[in-house]
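# Structural description and commentary
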Amino acid sequence: MEDKGWKVAVYPGSFDPVTNGHLDIIRRAAKVFDKLIVAVLNNTSKNPLFTLEERLELLRQATADLPNVEIDGFRDLLISYMKQKNAHLVVRGLRAVSDFEYELQLALNNRHLSEDIETFFMPSTPQYSFLSSSIVKEIARFHGPVSDLVPPEVERALTRKFSGG
Ligand code: ADP
């Protein structure tokens, strides 16, 4: 049988920075697929707090114990990146119904651009359904506690950013 790379999944996002909610999806998806590529979008229009290199490094540290997870960056359209990787599966997390409309729009557009792409939605674990990178940055900016929300290396990186380092 032709190997179409169906077991390689790509989890794309900004990850600015990675949170425990993202990590929950990564850990669960890594059990389902043979290989999971976490693809960090170098999105210049979003004006990220962390550079692409910083976001990649934080993700690498947080997933160091997961041998079938690869961390990579991309700039192009997701489907071009996926073609390059010979991947056909996209994983996205759903926190609440409010995520659904946007996520469905993305999935349908990707499907329209390439009929070879399938999107899999994973519901977030309830304890993380309120969690987003933006909320974490907002709390950290005012020196609030984020230790329950992000891994320790991200907490340290946030402290450095917001103490002018
Ligand atoms: P984007 O800028 O593409 O929305 P994010 O880094 O914010 O990138 O999110 C990447 C993916 O992770 C999206 O599918 C998003 O819905 C999902 N996600 C974000 N936070 C959580 C969370 N707390 N629980 C589950 N999924 C999440």
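Below you will find a few notes about this structure. Predicted, not measured: the structure shown is a model, and the values here were computed from it.

## Examining the layout of surface pockets
If you add up the space inside the largest pocket, you get close to 1100 Å³. The wall of the largest pocket is formed by 45 residues, among which P12, G13, S14, K46 and R92 lie closest to the centre. The set of elements that each furnish at least two residues to the lining of the largest pocket consists of strand 1 (8–13), helix 1 (20–32), strand 4 (89–94), helix 4 (97–113), strand 5 (118–123) and helix 5 (133–141). At 10 residues, helix 4 tops the list of elements feeding residues into the lining of the largest pocket.

## Regarding helix 4
In this model, helix 4 (17 residues) spans 25 Å end to end at C-alpha, consistent with the 24 Å of a helix rising 1.5 Å per residue. Of all the residues in helix 4, the buried ones are D99, E103, A107 and N110. Residues of helix 4 that are buried make contact with helix 3 (78–85), strand 4 and strand 5.

## Focus on the site of the ligand
Taken together, 17 residues form the shell around the ligand, and within it Y11, S14, K46, G93 and Y128 come nearest. The contact in question runs from an oxygen atom of the ligand to an N or O atom on the side chain of S14, over 2.6 Å. F15 is positioned with one of its backbone polar atoms (N or O) 2.9 Å from an oxygen atom of the ligand. Computed on the free molecule, the ligand has an accessible area of 550 Å², of which 90% lies beneath the protein chains in the complex. Of all elements in the fold, only strand 1, helix 1, strand 4 and helix 4 reach the threshold of two or more residues within the shell around the ligand. Per-class residue counts for the shell around the ligand are six nonpolar, six polar and five charged.

## A short note on the packing of aromatic side chains
Evaluation of the coordinates by the stated rule reveals four aromatic pairs. Seen from their ring centres, Y11 and F15 are 5.2 Å apart, and the 80° between their planes marks the pair as edge-to-face. Residue Y11 shares its accessibility class with F15, and that shared class is buried.

## Looking at the pattern of salt bridges
Under the defined criterion, the tally for this structure stands at 11 salt bridges. With its nearest N and O atoms 2.9 Å apart, the salt bridge here joins K137 to D16. On the criterion of sequence distance, the pair formed by K137 in helix 5 and D16 in the loop between strand 1 and helix 1 is long-range, its members being 121 residues apart. On the basis of relative accessible area, K137 is assigned to the buried category, the value being 15%. On the basis of relative accessible area, D16 is assigned to the buried category, the value being 6%. Put simply, E70 and K85 hold a salt bridge, and the shortest N to O gap is 3.3 Å. Of this pair, E70 sits in strand 3 (residues 69–74) while K85 sits in helix 3, and the two are 15 residues apart along the sequence.

## Points about unusual backbone geometry
The peptide bond linking D16 to P17 adopts the cis configuration, its omega dihedral lying at 0°. Take P17: it is sitting in the loop between strand 1 and helix 1. Positioned with a positive phi, F15 is a non-glycine residue whose angle comes to about 50°. For F15, the location among the structural elements is in the loop between strand 1 and helix 1. The exposure class of F15 is buried, given its relative accessible area of 2%. Phi is positive for H143, which is not a glycine, with a value near 60°.

Definitions and limits used
Residues numbered from 1 in each chain as written. Predicted model: local features only at pLDDT ≥ 70, side-chain atom pairs only at ≥ 80, totals over all residues. Heavy atoms only, no water. 1 Å grid on protein atoms, 1.4 Å probe; cavity = no way out; pocket = protein on both sides within 12 Å on 5 of 7 lines; lining within 4 Å. Points joined across faces, edges and corners; volume = space filled by probe spheres on them. Helix = DSSP H or I, 4+ residues; strand = E, 2+ residues; numbered from the N terminus. Expected span 1.5 Å × (residues − 1). Buried < 20%, exposed > 50% of the residue type's maximum accessible area, 1.4 Å probe, protein only. Contact = heavy atoms within 4.5 Å. Near = heavy atom within 4 Å. Polar contact = N/O pair within 3.5 Å; in protein donor to acceptor, adjacent residues only side chain to side chain. Areas by Shrake-Rupley, 256 points an atom, 1.4 Å probe, with all protein chains shown as cover. Nonpolar A, V, L, I, M, F, W, Y, C, P; charged D, E, K, R; others polar. Phe/Tyr/Trp six-rings, centres within 6.5 Å; stacked < 30°, edge-to-face > 60°. Salt bridge = Lys/Arg side-chain N within 4 Å of Asp/Glu carboxyl O.

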